[in-house]
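Single-letter residue listing:
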Amino acid sequence: NAGVTQTPKFRVLKTGQSMTLLCAQDMNHEYMYWYRQDPGMGLRLIHYSVGEGTTAKGEVPDGYNVSRLKKQNFLLGLESAAPSQTSVYFCASSPGGVAKNIQYFGAGTRLSVL
Amino acid sequence: DQQVKQNSPSLSVQEGRISILNCDYTNSMFDYFLWYKKYPAEGPTFLISISSIKDKNEDGRFTVFLNKSAKHLSLHIVPSQPGDSAVYFCAASKNNNDMRFGAGTRLTVKP
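To keep things clear, this report deals only with the structure shown in the data block. All figures in this text were calculated on a predicted structure; none of them were measured in a lab.

1. Remarks on the environment of Leu107 of chain B
Residues and elements named next belong to chain B.
So, point 1. Examined against the element boundaries, Leu107 turns out to sit in strand β11 (residues 105-110).
So, point 2. Look at Leu107 and you get buried, because its relative accessible area is 1%.
So, point 3. When the C-alpha atoms of Leu107 and Asp1 are compared, they prove to be 25 Å apart, with 106 residues separating the residues in sequence.
So, point 4. For Leu107, the residues in contact, after removing those within four places along its chain, are Leu11, Val13, Ser19, Ile77, Asp84, Ser85, Ala86 and Tyr88.

Okay, structure coming up:
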């Protein structure tokens, strides 16, 4: 019963480096989301996808790109990391239909950009 | 601009007593509200939700109340148990792809 799996769990980057965060879900969910959580703030939506091959911008998309080439995977890319992107990143998925609002989250990726 | 606010960063209650967590929102277009619970080193997990057409939803020890005129919702946990100690996030949605979260309230239930 894996649910939503995020890799890696921790990462330290230098300013200007690039990396990709991987999210995988085994629940056959249509919708997938990437959030970031910063101290004193709620989770903020970066990008989301309503199905394989689709992506859309959320509340704070700048500096990130995403891809959903397979239904079960949603990748979050940082092309040139900045210290402001130090955060905890959460991936989530939801089944769609009447249960769209209920999202299932991964355990998070803690990213530090020096 | 924070459209969903949880003004109490922390709350401490005694085991067996009631825990009341509060949440305020500013956008009257929100039509669905949720509470998530988060333990350390884990992702948030869904707890309970309520549609804007209702004013109360109950699930076991958990009840969510919605006051649309005041743009306020609350989560009641009765009786509180030590295992309820976690961070609770309030969330609101105005369409299913635009969910806004509060900053969370850390609940500590003392034995």
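Picking up after the structure, the text goes on.
2. Things to note about the sheet that holds strand β6 (residues 56-59) of chain B
All names here are of chain B.
So, point 1. An order of β1-β3-β8-β7-β6 is seen for the five strands of this open sheet, with the pairing classed as antiparallel. Each edge of the open sheet is held by one strand with a lone partner, namely β1 (4-5) and β6.
So, point 2. Direction of pairing for strand β3 (residues 19-25) relative to strand β8 (residues 72-77): antiparallel, over a ladder of six bridges. If you follow Cys23 over to β8, its bridge partner there is Leu73.

3. Focus: the interface of chain A and chain B
So, point 1. Listed per partner, the contact involves 20 residues of chain A and 19 residues of chain B.
So, point 2. Of the roughly 1,700 Å² buried between chain A and chain B on both sides combined, carbon and sulfur atoms contribute 56%.
So, point 3. For chain A, the biggest contributors to the area lost against chain B are Leu43, Asn101 and Phe105 of chain A; these three give 32% of the whole.
So, point 4. Where chain A packs against chain B, one counts one salt bridge.
So, point 5. Measuring nitrogen to oxygen at the nearest pair gives 3.4 Å for the salt bridge that ties Glu59 of chain A to Arg100 of chain B.
So, point 6. At the boundary of chain A with chain B, the tally comes to three residue pairs in polar contact (both at pLDDT 80 or more).
So, point 7. Only β4 (31-37) and β5 (43-49) of chain A provide two or more residues apiece to the side of chain A that touches chain B.
So, point 8. When residues of the side of chain A that touches chain B are assigned to their parent elements, the largest contribution, four residues, is made by β4 of chain A.
So, point 9. In terms of residue class, the side of chain A that touches chain B is made up of twelve nonpolar, six polar and two charged.

4. Side note on the pairing of β8 of chain B
A regular strand places its side chains on the two faces of the sheet in alternate fashion.
Residues and elements named next belong to chain B.
So, point 1. Taking burial as the measure, the six residues of β8 include five buried ones, the bulk of the element.
So, point 2. With six bridges joining them, strand β7 (residues 62-67) and β8 adopt antiparallel strand pairing. From the neighbouring strand, Leu66 faces β8, where its bridge partner is Leu73.
So, point 3. Counting the residues between successive antiparallel strands, the hairpin from β7 to β8 contains four residues, one of them, Lys71, with a positive phi of roughly 50°.

5. Digging into the packing of aromatic side chains
So, point 1. Evaluated as defined, the whole model comprises 13 aromatic pairs over all chains.
So, point 2. Judged by centre distance (5.4 Å) and plane angle (85°), the rings of Tyr35 of chain A and Phe101 of chain B are edge-to-face. Placement of Tyr35 of chain A in strand β4 and of Phe101 of chain B in strand β10 (residues 99-101) is noted, with the two residues assigned to different chains.
So, point 3. Judged by relative accessible area, Phe101 of chain B falls into the buried class, the value being 5%.
So, point 4. Ring geometry for Tyr25 of chain B against Phe30 of chain B: centres 6.1 Å apart, planes inclined by 70°, an arrangement best described as edge-to-face.
So, point 5. For Phe30 of chain B, a relative accessible area of 3% puts it in the buried group.
So, point 6. By way of ring pairs, the aromatic residues Tyr33, Tyr35, Tyr48, Phe90 and Phe105 of chain A together with Tyr36, Phe46 and Phe101 of chain B are connected into one cluster.

Calculation rules
- Residue positions are given per chain, counted from 1 along the sequence in the order it is written.
- Written order decides the labels, with chains lettered from A and ligands numbered from 1.
- At least 70 in pLDDT is required for a residue's local features to be given in this predicted model, at least 80 for side-chain atom pairs to be given and counted, and no such filter applies to totals for whole chains, interfaces and linings, which use all residues.
- Side-chain measures were taken over the full set of non-hydrogen atoms in the model, leaving aside hydrogen atoms and water.
- Going along the chain from the N terminus, every DSSP run of H or I of four or more residues is numbered as a helix, and every run of E of two or more is numbered as a strand.
- Burial here depends on accessible area, computed with a 1.4 Å probe over protein chains only, as a share of the maximum for the residue type. Under 20% is buried, over 50% is exposed, and the range in between is partly exposed.
- Every residue pair with non-hydrogen atoms within 4.5 Å of one another is taken to be in contact.
- A pair of strands is treated as paired once DSSP finds two or more bridges between them.
- Buried area is understood as the total, over both parts, of accessible area removed when two parts are fitted together, assessed with a 1.4 Å probe.
- Whenever Lys or Arg places a side-chain nitrogen within 4 Å of a carboxyl oxygen from Asp or Glu, that contact is recorded as a salt bridge.
- Here a polar contact is taken to be a pair of N or O atoms separated by no more than 3.5 Å, where protein atoms must pair a possible hydrogen donor with a possible acceptor and residues adjacent in sequence count only if both atoms sit in side chains.
- Only Asp, Glu, Lys and Arg are considered charged, only Ala, Val, Leu, Ile, Met, Phe, Trp, Tyr, Cys and Pro nonpolar, and every remaining residue, Gly among them, polar.
- When two rings of Phe, Tyr or Trp (its six-membered ring) have centres within 6.5 Å they constitute a pair, described as stacked for plane angles under 30 degrees, edge-to-face for angles over 60, and tilted for the intermediate range.

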